[in-house]
Amino acid sequence: MAGVYIVDASGQPFRIGFTPANEFSDHVMEKKNYLYLAPSKLRNCSIGPELLIDIDFTDIEGTVSVLRRGKELWSSPVHTGENNMAHSLANLEHHHFKYREHRLPLQAHVHFFGADAFSYGAGVSLSDGDEMKVEWKGMGRALVNPIVAEKGEEILIKVKAVL
(Lines give C-alpha, C1' and ligand atoms only; values in the text may rest on other atoms or scores of the structure.)
Protein backbone atom coordinates (compact mmCIF):
# COMPACT_ATOMS: atom_id res chain seq x y z
CA MET A 1 0.00 0.00 0.00
CA ALA A 2 1.22 3.49 -0.75
CA GLY A 3 0.09 6.99 0.07
CA VAL A 4 0.06 9.48 -2.80
CA TYR A 5 0.77 13.14 -2.05
CA ILE A 6 1.17 16.48 -3.78
CA VAL A 7 2.74 19.64 -2.43
CA ASP A 8 0.91 22.85 -3.30
CA ALA A 9 2.50 26.08 -4.52
CA SER A 10 3.03 27.29 -0.93
CA GLY A 11 4.79 24.08 0.21
CA GLN A 12 1.80 22.48 1.99
CA PRO A 13 1.63 18.69 1.46
CA PHE A 14 -1.74 17.09 0.72
CA ARG A 15 -2.58 13.39 0.76
CA ILE A 16 -4.48 12.60 -2.43
CA GLY A 17 -5.24 9.03 -1.41
CA PHE A 18 -4.01 5.47 -1.22
CA THR A 19 -3.14 2.97 -3.94
CA PRO A 20 -2.09 -0.67 -4.09
CA ALA A 21 1.69 -0.88 -4.32
CA ASN A 22 4.47 -3.41 -4.72
CA GLU A 23 7.91 -2.41 -3.51
CA PHE A 24 10.08 -5.26 -4.74
CA SER A 25 13.21 -6.06 -2.72
CA ASP A 26 15.93 -8.54 -3.56
CA HIS A 27 16.20 -10.44 -0.28
CA VAL A 28 18.65 -12.93 -1.81
CA MET A 29 21.09 -10.05 -2.31
CA GLU A 30 20.34 -8.61 1.11
CA LYS A 31 20.97 -11.97 2.81
CA LYS A 32 24.56 -12.01 1.45
CA ASN A 33 25.44 -9.02 3.61
CA TYR A 34 23.24 -6.68 5.67
CA LEU A 35 25.06 -3.75 4.03
CA TYR A 36 23.30 -4.74 0.79
CA LEU A 37 19.94 -3.50 2.14
CA ALA A 38 20.04 -0.28 0.09
CA PRO A 39 20.96 -1.88 -3.26
CA SER A 40 18.44 -4.68 -2.60
CA LYS A 41 15.76 -1.97 -2.93
CA LEU A 42 17.04 -0.77 -6.33
CA ARG A 43 14.37 -2.74 -8.16
CA ASN A 44 11.33 -1.71 -10.10
CA CYS A 45 8.29 -1.03 -7.98
CA SER A 46 4.78 -0.16 -8.99
CA ILE A 47 1.55 1.45 -7.88
CA GLY A 48 -2.06 1.23 -9.02
CA PRO A 49 -4.23 0.49 -10.81
CA GLU A 50 -6.67 2.25 -8.46
CA LEU A 51 -6.33 5.45 -6.42
CA LEU A 52 -8.79 5.71 -3.55
CA ILE A 53 -9.26 9.15 -2.07
CA ASP A 54 -11.52 8.29 0.87
CA ILE A 55 -10.67 5.07 2.68
CA ASP A 56 -10.42 4.17 6.33
CA PHE A 57 -6.71 3.44 6.86
CA THR A 58 -7.26 1.74 10.23
CA ASP A 59 -7.17 -1.93 9.22
CA ILE A 60 -6.93 -3.10 5.61
CA GLU A 61 -6.86 -6.77 4.62
CA GLY A 62 -5.65 -8.23 1.38
CA THR A 63 -3.88 -11.06 -0.34
CA VAL A 64 -0.47 -11.26 -1.94
CA SER A 65 0.26 -14.09 -4.39
CA VAL A 66 2.91 -15.43 -6.71
CA LEU A 67 1.63 -16.91 -9.95
CA ARG A 68 3.71 -19.21 -12.13
CA ARG A 69 2.42 -19.99 -15.62
CA GLY A 70 -1.00 -18.74 -14.56
CA LYS A 71 -1.27 -20.97 -11.47
CA GLU A 72 -0.93 -19.90 -7.87
CA LEU A 73 2.48 -20.93 -6.50
CA TRP A 74 2.15 -19.13 -3.14
CA SER A 75 -0.38 -16.91 -1.42
CA SER A 76 -0.73 -15.23 1.95
CA PRO A 77 -3.10 -12.87 3.69
CA VAL A 78 -1.59 -9.40 4.08
CA HIS A 79 -2.51 -6.55 6.42
CA THR A 80 -1.74 -2.86 6.57
CA GLY A 81 -3.21 0.24 8.13
CA GLU A 82 -2.60 1.92 11.47
CA ASN A 83 -3.68 -1.11 13.52
CA ASN A 84 -0.94 -3.14 11.81
CA MET A 85 1.91 -0.63 11.79
CA ALA A 86 4.37 0.46 14.47
CA HIS A 87 3.63 4.15 13.80
CA SER A 88 0.49 6.16 13.13
CA LEU A 89 -0.13 7.54 9.66
CA ALA A 90 0.21 11.09 11.02
CA ASN A 91 3.63 10.24 12.52
CA LEU A 92 4.90 8.67 9.28
CA GLU A 93 3.69 11.65 7.26
CA HIS A 94 5.25 14.11 9.72
CA HIS A 95 8.65 12.41 9.51
CA HIS A 96 8.52 12.31 5.72
CA PHE A 97 7.45 15.91 5.21
CA LYS A 98 9.42 17.52 8.07
CA TYR A 99 12.30 18.02 5.64
CA ARG A 100 12.00 21.20 3.57
CA GLU A 101 13.37 19.29 0.58
CA HIS A 102 10.24 17.08 0.73
CA ARG A 103 7.96 20.12 0.66
CA LEU A 104 9.15 21.79 -2.53
CA PRO A 105 6.20 23.37 -4.35
CA LEU A 106 4.44 21.24 -6.97
CA GLN A 107 6.22 17.99 -6.12
CA ALA A 108 4.48 14.61 -6.10
CA HIS A 109 5.39 11.95 -3.53
CA VAL A 110 4.57 8.26 -3.18
CA HIS A 111 5.23 6.78 0.26
CA PHE A 112 5.27 2.99 0.50
CA PHE A 113 3.86 1.56 3.74
CA GLY A 114 4.89 -1.83 5.10
CA ALA A 115 2.95 -5.06 5.10
CA ASP A 116 3.28 -8.37 6.89
CA ALA A 117 3.69 -11.01 4.17
CA PHE A 118 6.79 -11.82 2.14
CA SER A 119 7.16 -14.67 -0.33
CA TYR A 120 10.92 -14.87 0.32
CA GLY A 121 10.33 -15.62 4.00
CA ALA A 122 8.13 -18.54 2.95
CA GLY A 123 10.96 -20.00 0.87
CA VAL A 124 9.59 -18.97 -2.52
CA SER A 125 12.23 -18.41 -5.19
CA LEU A 126 10.94 -16.17 -7.97
CA SER A 127 11.60 -17.05 -11.61
CA ASP A 128 11.51 -15.15 -14.87
CA GLY A 129 7.88 -14.93 -15.99
CA ASP A 130 6.32 -15.26 -12.52
CA GLU A 131 3.72 -12.67 -11.56
CA MET A 132 3.31 -10.88 -8.23
CA LYS A 133 -0.30 -10.09 -7.39
CA VAL A 134 -1.37 -7.70 -4.62
CA GLU A 135 -5.07 -7.33 -3.89
CA TRP A 136 -6.73 -5.29 -1.14
CA LYS A 137 -10.37 -5.76 -0.06
CA GLY A 138 -12.47 -2.82 -1.17
CA MET A 139 -9.70 -1.23 -3.25
CA GLY A 140 -10.68 -2.27 -6.77
CA ARG A 141 -8.57 -4.22 -9.22
CA ALA A 142 -5.47 -6.15 -8.18
CA LEU A 143 -1.97 -4.93 -8.94
CA VAL A 144 -0.15 -7.57 -11.02
CA ASN A 145 3.55 -7.31 -11.87
CA PRO A 146 5.54 -9.66 -14.09
CA ILE A 147 8.97 -10.74 -12.86
CA VAL A 148 11.73 -10.27 -15.42
CA ALA A 149 15.07 -11.73 -14.37
CA GLU A 150 18.12 -9.87 -15.59
CA LYS A 151 20.21 -12.15 -17.73
CA GLY A 152 23.96 -12.12 -18.14
CA GLU A 153 26.87 -11.90 -15.82
CA GLU A 154 27.76 -8.90 -13.72
CA ILE A 155 30.43 -6.79 -15.39
CA LEU A 156 32.99 -4.53 -13.80
CA ILE A 157 32.08 -0.86 -14.24
CA LYS A 158 35.21 1.21 -14.84
CA VAL A 159 35.15 4.84 -13.77
CA LYS A 160 37.24 7.23 -15.84
CA ALA A 161 39.15 10.16 -14.42
CA VAL A 162 38.20 13.66 -15.56
CA LEU A 163 41.81 14.52 -16.49
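Our structure is the block above this text.
Residues numbered from 1 in each chain as written. Predicted model: local features only at pLDDT ≥ 70, side-chain atom pairs only at ≥ 80, totals over all residues. Heavy atoms only, no water.

(A) Representation of the pairing of strand 6 (residues 71-80). In this sheet, strand 6 lies alongside strand 5 (residues 60-68) in antiparallel orientation, the contact comprising nine bridges. Bridge pairing in strand 6 links threonine 63 to proline 77. Hairpin connection between strand 5 and strand 6: a loop of two residues separates the two successive antiparallel strands, and arginine 69 in this loop has a positive phi of roughly 50°. (Pairing = 2+ DSSP bridges. Helix = DSSP H or I, 4+ residues; strand = E, 2+ residues; numbered from the N terminus.)

(B) Molecular detail of the sheet that holds strand 2 (residues 13-19). Spatial ordering of the open sheet is given by 2-1-7, a layout of three strands whose pairing is antiparallel. Two strands in the sheet have a free side with no partner beyond their single neighbour: strand 2 and strand 7 (108-112). Neighbour-to-neighbour, the strand axes of the sheet open up by a mean angle of 25°, direction not taken into account. For strand 1 (residues 2-7) and strand 2, the ladder comprises six bridges, and the chain directions are antiparallel. By the bridge assignment, valine 4 is partnered in strand 2 with glycine 17. (Axes fitted to C-alpha atoms, helices over the stretch in contact; angles between N-to-C directions.)

(C) A look at the environment of serine 10. Along the chain, the position of serine 10 falls in the loop between strand 1 and strand 2. Here the side chain of serine 10 touches aspartate 8 through a polar contact of 2.8 Å, side chain to side chain. (Polar contact = N/O pair within 3.5 Å; in protein donor to acceptor, adjacent residues only side chain to side chain.)

(D) Highlighting the sheet that holds strand 9 (residues 143-146). One open sheet accounts for four strands, arranged 6-5-8-9; its pairing is antiparallel. Only two strands of the sheet have a single neighbouring strand rather than two, namely strand 6 and strand 9. Pairs of neighbouring strands in the sheet enclose a mean axial angle of 15°, with direction left out of account.

(E) Region of interest: the nonpolar core. In terms of nonpolar packing, the biggest core is built from 22 residues, with Met1, Phe18, Phe57, Phe113 and Trp136 touching the most fellow members. Of all the elements in the fold, those that place two or more residues in this core are strand 1, strand 5, strand 6, helix 3 (89-97) and strand 8 (131-136). In this structure methionine 1 touches Phe18, Thr19, Pro20, Ala21, Phe57, Ile60, Thr80, His111, Phe112, Phe113, Trp136 and Met139, once residues within four positions along its chain are discounted. (Core = buried A, V, L, I, M, F, W, Y, C linked by side-chain atoms within 4.5 Å. Buried < 20%, exposed > 50% of the residue type's maximum accessible area, 1.4 Å probe, protein only. Contact = heavy atoms within 4.5 Å.)

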